[in-house]
Amino acid sequence: MSIQRGIVVIPTYNEAANIELLVDRVRGSVPSLDILVVDDNSPDGTGDIVEEIMAHDKQIQVLHRAEKSGLGTAYLAGLAWVLDRGYDVIIEMDADGSHLPEQLPRLLHAVTDADLVLGSRWVPGGRVVNWPTRRELLSRGANTYTRLALGVQVHDATGGYRAFRRETLEGIDLGSVRSQGYCFQIDLARRALEQGFLVVEVPITFVERVHGESKMTGSIVREALWRVSQWGVQHHVEQGRRVAIGRRTRVKGH
Ligand SMILES: Nc1nc2c(ncn2[C@@H]2O[C@H](COP(=O)(O)OP(=O)(O)O)[C@@H](O)[C@H]2O)c(=O)[nH]1
Ligand SMILES: [Mg+2]
């Protein structure tokens, strides 16, 4: 499958020191890609900077939201916007330079034969640079817990550097997504797997931000833990039901 129209969706909150360089690097790496920034009325003026860039680059757009309302809901708003406008490949990327625009061709290449491509830090060839040990432990722990609780085989379900085919986003019922924070990423990966979409991981190099601050908080971690646990219980109940039905069918067949 070839790519006709691709767009990078970038959520921002207080990324004034990063956004201009990042947009330049994306445009330099794959000039055909459009960019949508979803800004939550950043007090540092990130949204205004994007408006200035838009004045001389028609491939950049911005969606302004009234206030900081979480990564998950920012993406839901951004994805609805891009699906409405007919894009056929949609890429998620952080604004802080942690996801290298120079690796976009790798994701785009992989998504020609997959429904969802996850940029992965935790497969051979994947790397993290300058990440504090506690963040690495949190990410590895969250991914191990996700694999065990949900029975999924992916190694980096929490990452935010991904490429979706339009059909994948249309097939996972975005309207029923309730994840507000970073567990949004796990939510979308598990939905894609549940629907039988082909999910492929490609190694990426994740570089810790140099400017600005992380928006990760304790409540974001708690939401993720709570939701993954709930999805895990659902998953095991459904699996149990399937086994029970299988048994009944076998008994009947005797
Ligand atoms: N629009 C929006 N963007 C957010 C929000 N929280 C985080 N982001 C953006 O999501 C991306 C990842 O956030 P970051 O703080 O770098 O997370 P970390 O890499 O896990 O420490 C960055 O581009 C942030 O600006 C939010 O509530 N709203
Ligand atoms: Mg970051």
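Cut-offs applied
- Residues numbered from 1 in each chain as written.
- Chains lettered and ligands numbered in written order.
- Predicted model: local features only at pLDDT ≥ 70, side-chain atom pairs only at ≥ 80, totals over all residues.
- Heavy atoms only, no water.
- Helix = DSSP H or I, 4+ residues; strand = E, 2+ residues; numbered from the N terminus.
- Rg over C-alpha atoms; globule rule 2.2 N^0.38 Å.
- Buried < 20%, exposed > 50% of the residue type's maximum accessible area, 1.4 Å probe, protein only.
- Contact = heavy atoms within 4.5 Å.
- Areas by Shrake-Rupley, 256 points an atom, 1.4 Å probe, with all protein chains shown as cover.
- Polar contact = N/O pair within 3.5 Å; in protein donor to acceptor, adjacent residues only side chain to side chain.
- Near = heavy atom within 4 Å.
- Salt bridge = Lys/Arg side-chain N within 4 Å of Asp/Glu carboxyl O.

S.K.: Mind laying out the overall build of the chain, listing which residues take part and the relevant values?
M.R.: Within the chain, the regular secondary structure consists of eight helices and nine strands. Compactness check: the chain gives a C-alpha radius of gyration of 19 Å against a globular reference of 18 Å for 254 residues, within 12% of the reference. Expressed as a percentage of its 254 residues, the buried residues of the chain come to 51%. Looking at the chain alone, contacts between residues at least 24 apart form 81% of all its contacts between residues at least 6 apart. Counting only carbon and sulfur atoms, one obtains 53% of the accessible surface of the chain, whose full area is about 12,300 Å².

S.K.: Got a sec to walk through the side chain of Lys215? Specific residues and values, please.
M.R.: In this structure, Lys215 sits in the loop between β9 (205-207) and α8 (218-253). For Lys215, a relative accessible area of 16% puts it in the buried group. Among the polar contacts listed, one links the side chain of Lys215 to the backbone oxygen of Asn14, at a separation of 3.5 Å. From its side chain, Lys215 meets the backbone oxygen of Glu213 in a polar contact 2.8 Å long. Filtering out sequence-adjacent residues up to four positions away, Lys215 remains in contact with Tyr13, Asn14, Glu15, Lys68, Tyr182, Arg209 and Ile220.

S.K.: So what's going on with the site of ligand 1? Which residues, and what values?
M.R.: Surrounding ligand 1, one finds 18 residues, the nearest of these being Glu15, Asp40, Arg135, Ser214 and Lys215. Within the backbone of Pro11, one N or O atom sits 2.8 Å away from an oxygen atom of ligand 1. Protein burial of ligand 1: of its 570 Å² of free accessible surface, 97% is covered by the chains. For the shell around ligand 1, the secondary-structure elements that each account for two or more residues are β1 (6-12) and α3 (71-84).

S.K.: Could you give me a rundown of the environment of Leu33, with the residues and numbers involved?
M.R.: In this structure, Leu33 sits in the loop between α1 (19-29) and β2 (34-39). Among the residues examined, Leu33 registers a relative accessible area of 3% and is labelled buried. Counting along the chain gives 27 residues from Leu33 to Gly6, while the straight-line C-alpha distance between them is 5.2 Å. Residues contacting Leu33, with those up to four places away along its chain left out, are Gly6, Ile7, Val8, Arg27, Gln59, Ile91, Leu104 and Leu108.

S.K.: With reference to specific residues and values, describe the pattern of salt bridges.
M.R.: Inspection of every chain in the model, using the stated rule, returns 14 salt bridges. A salt bridge links Glu102 to Arg25; its shortest N-O distance comes to 2.8 Å. Taken together, the residues span a long stretch of sequence, with Glu102 in the loop between β4 (89-92) and α4 (104-110) and Arg25 in helix α1 at a distance of 77 residues. Classification of Glu102 as partly exposed rests on a relative accessible area of 46%. One salt-bridge network, held together by shared partners, links Glu15, Asp96, Arg209 and Lys215.

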